[in-house]
Amino acid sequence: MPEITYREAIRQALLEALNNDERVFIMGEDIGAYGGSYAITKGFLAEFGEKRIKDTPISESAFVGAGIGAAMGGLKPIVEIMTINFSLLAMDQIVNIAAKLHYMSGGQVSVPLIIRTVSGGGNQLAATHSQNFEGWYAHVPGLRVVTPSTPYDAWGLFRTALKDNNPVIFVEHSLLYGNRGTVPEGYWEIPFGKADVKRQGKDVTIACYLRTVPLALRAAEELAKDGVEAEVVDLRTLRPLDAETVIQSVRKTTRAVVVAEGWSLGNFANEIITQIQEQAFDHLDAPVQRVTGADAPMPYARHLELASMPSEKDIIAAVKKIV
């Protein structure tokens, strides 16, 4: 199986979509002539033209609204919001319009819209450009929230997103773009709402998603040197959420650590912990541990930024506290 980067998997998924369906078009800030902030759409404008690769003004509410209208009209828009921080400017369009049109029209209207965006810190972009809002969108009925951690997952989940008639928030992480992974040579899809056990273990379950998956896997390898075998469960999608795979793992290991970037208060990790408590309480041999970011605006200084984000050491410490 060929090995490609996370960035290349997203790029190939977009090229495939554009080549296979003439209804698909992409729009967003700097995606055309500039080639995208993360070089995902480099060369797309020359290949597909301005009708299908649309540079937009700096007005997220306007171009997300245009994407909603295009989806209602029968097209398959892929809207890129440069970072999830900027989605705040389109929150009303996403939460009150895209997510609710199908329900409020009695099923007469669908919004097959994909919103690609980038979450998280790690690039010294400071407090207003380093936030994690995927948990906010997972709170909203009517939205799909997809959080792939590997090239294989990113490509397979994107194919599923293209076939979904609901609005999909497709969340990437900039620190994953250079990560490499194998992908099959044939066609594959990954269904929404199906978590993946990335590593088998018997002593503790580590539930995670996006960038925290490779962190958890590296932490698990370090723990194994001390005889602790951690099972790593990648959620892959936050809505729909596959809590059952996590629960089954916890029933086996009897201990759990949940890892997620972002502030601790109201973090999506808390939802996973609640479901573990509700469905696997009698199987627990220790309190569920939580590893999140610091409850503070993201610092600009590199050493402080790193200290504010979950790390392998944090995960190892949380596991050792209960094992």
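The structure displayed is predicted, hence computed values, not measured ones.

Caption draft 1: Representation of the sheet that holds strand β10 (residues 204–208) within the structure. Taken in spatial order, the five strands line up as β9-β11-β10-β13-β14 in an open sheet, and their pairing is mixed. At either end of the open sheet lies a strand with only one pairing partner, and these are β9 (196–199) and β14 (289–291). Neighbour-to-neighbour, the strand axes of the sheet open up by a mean angle of 25°, direction not taken into account. Of the strand pairs in this sheet, β9 and strand β11 (residues 230–234) are connected by three bridges, and their pairing is antiparallel. Across the sheet, residue R199 finds its bridge partner in β11, namely V232. Docked against the sheet, helix α12 (residues 312–322) engages β10, β13 (256–259) and β14, running at close to 175° with respect to β14.

Caption draft 2: Representation of the pairing of strand β7 (residues 168–173) within the structure. Of all the six residues making up β7, six are buried; the element is thus mostly covered by neighbouring parts of the structure. Of the two faces of β7, the one lined by V168, F170 and E172 and the one lined by I169, V171 and H173 are each fully buried. By the bridge criterion, six bridges tie strand β5 (residues 114–119) to β7 in an arrangement that is parallel. Bridging across to β7, I114 finds its partner in V168. Judged from the three bridges that link them, strand β6 (residues 144–146) and β7 form a sheet pairing that is parallel. The partner of V145 across the bridge, within β7, is I169. In the classification by handedness, the crossover that spans β6, the intervening helix α7 (residues 151–163) and the parallel β7 is right-handed.

Caption draft 3: Spotlight on the pattern of salt bridges. Per the counting criterion, the structure on display carries 21 salt bridges. For the salt bridge of K225 with E222, the shortest nitrogen-to-oxygen distance reads 3.0 Å. Of the residues examined, K225 reaches a relative accessible area of 64% and is grouped as exposed. The salt bridge partner of R302 is E305, with a shortest N-O separation of 3.0 Å. Separated by three residues within a single helix, R302 and E305 lie in helix α11 (residues 302–308), roughly one turn from each other. It is possible to trace a salt-bridge network through shared partners that takes in D153, D196, K198, D234 and R236.

Caption draft 4: Layout of the environment of D203. Within the secondary structure, D203 is located in the loop between β9 and β10. Between the C-alpha atoms of D203 and H283, which are 80 residues apart in sequence, the distance is 13 Å. The residues contacting D203, other than those within four sequence positions of it, are G227, V228, E229, T253, R255 and V323. A polar atom in the side chain of D203 sits 3.2 Å from the side chain of K202. Polar contacts involving the side chain of D203 include one to the main-chain amide nitrogen of E229, which spans 2.7 Å.

Caption draft 5: A look at the packing of helix α9 (residues 243–253) against helix α10 (residues 269–280). Interaxial distance between α9 and α10 falls to 10 Å at its minimum, and their mutual angle equals 60°. For the element pair α9 / α10, the angle class is oblique. Relative to α10, the crossing made by α9 is right-handed. For the pair α9 and α10, contact is made by A243, E244, V246, I247, V250 and R251 and by I272, Q275, I276, Q279 and A280, respectively. When grouped by side-chain class, the residues that make up the contact of α9 with α10 number seven nonpolar, two polar and two charged.

Caption draft 6: Layout of the nonpolar core. Judged by nonpolar contacts, the single largest core of 83 residues is most densely connected at V64, I94, Y137, F158 and I276. The element that contributes the greatest number of residues to this core is helix α1 (residues 6–20), accounting for eight residues. Setting aside its immediate chain neighbours within four residues, Y137 contacts I84, S87, L88, M91, I94, V95, L143, V145 and I169. The next biggest cluster of nonpolar side chains, apart from the first, holds 21 residues, and it includes I206, A286, V291 and I315.

Caption draft 7: Molecular detail of the sheet that holds strand β12 (residues 237–239). Pairing is mixed across the open sheet formed by seven strands, whose spatial order is β3-β2-β4-β5-β7-β6-β12. Every interior strand has two partners, whereas the edge strands, β3 (53–55) and β12, have only one. Across this sheet, the average inter-strand angle for adjacent strands is 20°, counted without regard to direction. With four bridges connecting them, strand β4 (residues 76–81) and β5 associate as parallel partners. Across the sheet, E80 pairs through a bridge with R116, a residue of β5.

Caption draft 8: Examining the side chain of T56 more closely. Tracing the backbone through its elements, the reader meets T56 in the loop between β3 and α3 (60–72). Within polar-contact distance, the side chain of T56 engages the backbone nitrogen of E29 at 3.4 Å. Excluding its chain neighbours within four sequence positions, the residues that come into contact with T56 are M27, G28, E29 and F63.

Caption draft 9: Up close: the pairing of β11. Burial runs high along β11: five of the five residues are buried. Pairing between β10 and β11: five bridges, direction parallel. Across the sheet, I206 pairs through a bridge with V232, a residue of β11. A crossover connection joins β10 to the parallel β11 through helix α8 (residues 212–224); in handedness this β-α-β unit is right-handed.

Cut-offs and rules
Residues numbered from 1 in each chain as written. Predicted model: local features only at pLDDT ≥ 70, side-chain atom pairs only at ≥ 80, totals over all residues. Heavy atoms only, no water. Pairing = 2+ DSSP bridges. Helix = DSSP H or I, 4+ residues; strand = E, 2+ residues; numbered from the N terminus. Axes fitted to C-alpha atoms, helices over the stretch in contact; angles between N-to-C directions. Contact = heavy atoms within 4.5 Å. Buried < 20%, exposed > 50% of the residue type's maximum accessible area, 1.4 Å probe, protein only. Right-handed = clockwise from strand over helix to strand, strands pointing away. Salt bridge = Lys/Arg side-chain N within 4 Å of Asp/Glu carboxyl O. Polar contact = N/O pair within 3.5 Å; in protein donor to acceptor, adjacent residues only side chain to side chain. Parallel < 35°, antiparallel > 145°, perpendicular 65-115°, else oblique. Left-handed = near helix turned anticlockwise from the far one by under 90°. Nonpolar A, V, L, I, M, F, W, Y, C, P; charged D, E, K, R; others polar. Core = buried A, V, L, I, M, F, W, Y, C linked by side-chain atoms within 4.5 Å.

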